[in-house]
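Chain and residue survey
So the chains spell out like this:
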Amino acid sequence: MNNKYHKMKYIVMLGLFAAGVNAADIEAGKAKAAACQGCHGAAGVSSSPLWPSLAGQSAVYIESQLNKFRNGQRDNEVMKPLASGLSDTDIQNISAYYASLHGKSAGSSDANLVKQGKDKAAMCLGCHGNNAQGMGMVPKLAGQHPQYLAKQLTDFKKGARKAPQMNALAQSLSEDDIKAVAAYLGSL
């Protein structure tokens, strides 16, 4: 029995060591992310309402989106060539770097629109988390620029961006609903 315990302990320690070998390198990700700063901000917080903030987004989500840009599942004329030049390791490192940063709220200047959006956004929180903080493969929406969020919801509604659950959900939103939901989520 004692021999079995030592073998099990050895296997567990070996597994933990092997998992660490493939761990993402945040510093390498930071260096590689220098090319991303023009749109996504020096600390992952975009100053432009056209581009998402990546700070605090989950590494799993960022990695999946970079892979989608790289393999053409997600279409964007800026991101496709940038992602195409990244290795799997680069993507893991960049994703870990942005996930390690703290996000900042974009805010919203229209309190009435935020109030309207709060009720409508309840349908988002089941998947995106109680505070729209994101959960694993589901992105953080809290604090994103309202204009960026509205564009993404509109793209889901029109089918320009593909995700079955989001495409169906966006169909139920009017243009005014989209603006209100985006304002609320941006205010978080």
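As recorded in an unreviewed UniProt entry, the protein goes by C-type cytochrome and comes from Methylomonas defluvii.

With that settled, the discussion passes to the overall build of the protein. Of the regular secondary structure elements, the protein holds 11 helices and 0 strands. Taken from N to C terminus, the helices and strands of the protein fall in the order α-α-α-α-α-α-α-α-α-α-α. When burial is assessed residue by residue, the protein has 37% of its 188 residues classed as buried. Considering only contacts within the protein whose residues lie at least 6 apart along the sequence, 66% involve residues at least 24 apart. For the protein, the computed accessible surface area is about 11200 Å², with 58% contributed by carbon and sulfur atoms.

A few words now on the packing of aromatic side chains. Overall, the coordinates contain 1 aromatic pair when judged by the stated rule. Relative to Y98, the ring of Y97 has its centre 5.1 Å away and its plane inclined at 55°; by these criteria the two rings are tilted. Each member of the pair Y97 and Y98 is classed as buried.

Another aspect to go through is the nonpolar core. One finds A121, A132, L153, V181 and L185 to be the most contacted residues of the largest nonpolar core, which totals 21 residues. Listing elements by their share of this core, those giving two or more residues are α8 (122–128), α9 (146–158), α10 (164–171) and α11 (175–187). Apart from the residues within four sequence positions on either side, A132 is in contact with L125, K140, L141, A142, L185 and L188. L54, L86, I91 and Y98 belong to the second-largest nonpolar core, a separate cluster that totals 14 residues.

Calculation rules
Residues numbered from 1 in each chain as written. Predicted model: local features only at pLDDT ≥ 70, side-chain atom pairs only at ≥ 80, totals over all residues. Heavy atoms only, no water. Helix = DSSP H or I, 4+ residues; strand = E, 2+ residues; numbered from the N terminus. Buried < 20%, exposed > 50% of the residue type's maximum accessible area, 1.4 Å probe, protein only. Contact = heavy atoms within 4.5 Å. Areas by Shrake-Rupley, 256 points an atom, 1.4 Å probe, with all protein chains shown as cover. Phe/Tyr/Trp six-rings, centres within 6.5 Å; stacked < 30°, edge-to-face > 60°. Core = buried A, V, L, I, M, F, W, Y, C linked by side-chain atoms within 4.5 Å.

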